[in-house]
Amino acid sequence: MSITADTQEKSKRMPNLLATKPLNLLMEEARETGEHSLKRTLGVFQLTALGVGAIIGAGIFVMVGLGAQYAGPGLTLSFVLSGLGCAFAGLCYAEFAAMIPLAGSAYTYAYATLGELLAWIIGWDLTLEYAMGASTVSSGWSNHFIELLNIFHIKMPLWLAYDHWTALKTAENIVARQMAQASDSALIPGSQGFLDKVSAIVASQSPELLQRAHQLMGAPHLFGMEIGFNLPAFIIALVITAILVVGIKESARFNATIVTVKVAVVLFVIALGARYINASNWGTDWSSYAPHGFAGIGAGAAYIFFAYIGFDAVSTTAQEAKNPQRDLPIGMIASLAICTVLYIAVAGVLTGMMHWQQINIEAPVARAFLDRGLTTASHIITLGALAGLTSVMLVMLLGQTRVLYSMANDGLLPRKFFAAVHPKFRTPWKNTILVGLLAAVVGSVTPIDDIGKMVNIGTLLAFVIVSISVMVLRRTNPNQPRPFRTPWVPLIPILGVISNGYMMYKLGWVNWARLIIWLIIGLVVYFAYGQKHSRVQAIAAGRTPEK
């Protein structure tokens, strides 16, 4: 064999890790029909409802309290800043979703522009946003469900309401609150002074605190260890999984019903709360409107970013949209715009109802109404938060299964399992059941506060990569038809990279370390399986791709 032939033979054996997936191949996949393809049933309303369903969750009812501690009445500007960061990325997503109407979201877009290795990294990264996000939300759903039960004076044992570590922490907090109230009756529950006192008692880990906490838990023992299992989180994850297996049309109908309920609750909060606004609470000048300056508004924006996560999940349903080129951009941008307006209005009402220093951190909106004696209203808000979290879980799990479906179709994951479509329901049923079971188990036995923070950094990384991808594809394939074009390129994508990259930076080195470790695990999976079975690698090497 000659040196040239030998070199060519070696190049065929060596994978091209930066090989991109040809756009003509992507478009061919998008046109596939039949029982082995996903069913196109979603219109503009369903897609917009999916976006609103993914965005409005506990964030609007919870994160506003924490954000107000940094931004003061300027919390409304914090929501504007976070919304802008999402809008820049959303415009980039919209161009890709219309141009490449395939399931897979940022993974598919990266494959067409930045190459296979980076596509795998973003696909693996999206697991942090969707699967881990669903686990986080299932735990949050459980908390609000328990709160709903409390309204009807139904008490669940702590060991069945939380995982072991969270149950013990909850018991310690309950006992610490009792001890704090007993030590100083002048302390107002929910105030910063009260929370500081509770934190000090918990930090002391006194024998009295621990003994009373374990007694309150009342957990059974297995092999000498206390048991903790979040039963509501486990059950709701399985219920949502069953709905997703049955079909995308049924899932979208269920989501639209839930979205209607929670948007009605948000509008109720705005309408009723507006009657109790005291304009002086908003401040009379810049220093009283933004007590910590623009830095405080920026910090508030970073903390409330979690409230916006999810609009990008609309792009994962591209292969199930009736007219994806037109409807996907409308669905994403409309849902983001609707939620931003609602968020700003709720923030304005809350900071107008109460002085920002008196806003409750744990349950800010519900507490603001309780302080006005509006008990029924606070119960309605709890119901709205529960509905919000239900639809967020549905869209998160939906997004994860569609990303895995796309990766499996490309050969990077076992196709017979992850891309198997049910002949009747026309859904990727096997991978849906697996993802649902994993979310149920993780949400029921794991303390997931830190995983929630990883969801943020994973999402922001996806936003940054999609913003970069738009600029790359405008150079590498400028003549490709674009039903929707991101305006003012490269300005909008650059602003997307800067704004979302800045929020990644603000999340701290611990979350960066976790992200890097997660991506290293993903690279091991890719080199052990993905690149050996890749359809793109097979085509590049002149081989017939695996079926």
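Residues numbered from 1 in each chain as written. Predicted model: local features only at pLDDT ≥ 70, side-chain atom pairs only at ≥ 80, totals over all residues. Heavy atoms only, no water.

**Q** Please clarify how the environment of Gly-65 should be interpreted in this entry.
**A** Structurally, Gly-65 is set in helix H4 (residues 58-71). Gly-65 sits in the buried class, given a relative accessible area of 0%. C-alpha separation for the pair Gly-65 and Ala-347, spaced 282 residues apart in sequence, amounts to 9.2 Å. (Helix = DSSP H or I, 4+ residues; strand = E, 2+ residues; numbered from the N terminus. Buried < 20%, exposed > 50% of the residue type's maximum accessible area, 1.4 Å probe, protein only.)

**Q** What is the right way to read a positive patch on the surface from this model?
**A** Positive charge collects at one region of the surface, where Lys-39, Lys-249, Arg-253 and Lys-322 lie side by side. Here Lys-39 shows up in the loop between helix H2 (23-30) and helix H3 (44-55). With relative accessibility at 39%, the residue Lys-39 sits in the partly exposed group. (Patch = residues over 30% accessible without salt bridge, like charges linked within 9 Å, V, L, I, M, F, W, Y side chains within 5 Å. Areas by Shrake-Rupley, 256 points an atom, 1.4 Å probe, with all protein chains shown as cover. Salt bridge = Lys/Arg side-chain N within 4 Å of Asp/Glu carboxyl O. Lys, Arg positive; Asp, Glu negative; His and termini not counted. Charge placed at Lys NZ, Arg CZ, Asp CG, Glu CD.)

**Q** What is the right way to read the nonpolar core from this model?
**A** By size, the foremost hydrophobic cluster in this structure holds 139 residues, and its most contacted members are Phe-79, Tyr-93 and Phe-369. With 17 residues, helix H19 (residues 375-409) is the largest single contributor of residues to this core. Apart from the residues within four sequence positions on either side, Tyr-93 is in contact with Ser-105, Ala-106, Tyr-109, Phe-311, Asp-312, Ser-315, Met-332, Ala-462, Phe-463 and Val-466. Residues Ala-176, Leu-187, Ile-201 and Leu-209 belong to the second largest nonpolar core, which totals eleven residues. (Core = buried A, V, L, I, M, F, W, Y, C linked by side-chain atoms within 4.5 Å. Contact = heavy atoms within 4.5 Å.)

**Q** Please clarify how a nonpolar patch on the surface should be interpreted in this entry.
**A** On the surface, a cluster of nonpolar side chains totalling about 520 Å² of accessible area is made up of Leu-77, Val-80, Leu-81, Leu-84, Trp-286 and Phe-294. Per-element accounting of the nonpolar patch gives the leading share, four residues, to helix H5 (residues 75-99). With respect to the element layout, Leu-84 can be found in helix H5. Leu-84 gets classed as partly exposed once you look at its relative accessible area, which sits at 39%.

**Q** Sorry, what's going on with helix H24 (residues 509-533) here?
**A** Since the α-helix advances by 3.6 residues per turn, residues separated by three or four positions end up pointing in the same direction. End to end, H24 covers 35 Å across 25 residues, agreeing with the expected 36 Å (1.5 Å per residue, within 8%). At Tyr-526, H24 shows its strongest bend, of approximately 50 degrees. Those residues of H24 not exposed but buried are Asn-511, Leu-515, Leu-519, Gly-522, Tyr-526, Gly-530 and Gln-531. (Expected span 1.5 Å × (residues − 1). Bend = angle between axes of the 7 residues up to and from the residue.)

**Q** Where do I start with the packing of aromatic side chains in this structure?
**A** Given two aromatic rings, one states the distance between the centres and the angle between the planes to describe the pair. One pass over the structure, following the stated rule, counts 15 aromatic pairs. Centroid distance Tyr-93 to Phe-463: 5.9 Å. Interplanar angle 80 degrees. Geometry classified as edge-to-face. Note that Tyr-93 is positioned in helix H5 and Phe-463 in helix H22 (residues 449-476), a separation of 370 residues in sequence. With respect to burial, Tyr-93 and Phe-463 carry one shared label: buried. Between Trp-120 and Trp-124, the aromatic rings sit 5.8 Å apart at their centres with planes inclined by 20 degrees, giving stacked as the arrangement. Taken as a pair, Trp-120 and Trp-124 lie in helix H7 (residues 116-129) at a separation of four residues, close to a single helical turn. (Phe/Tyr/Trp six-rings, centres within 6.5 Å; stacked < 30°, edge-to-face > 60°.)

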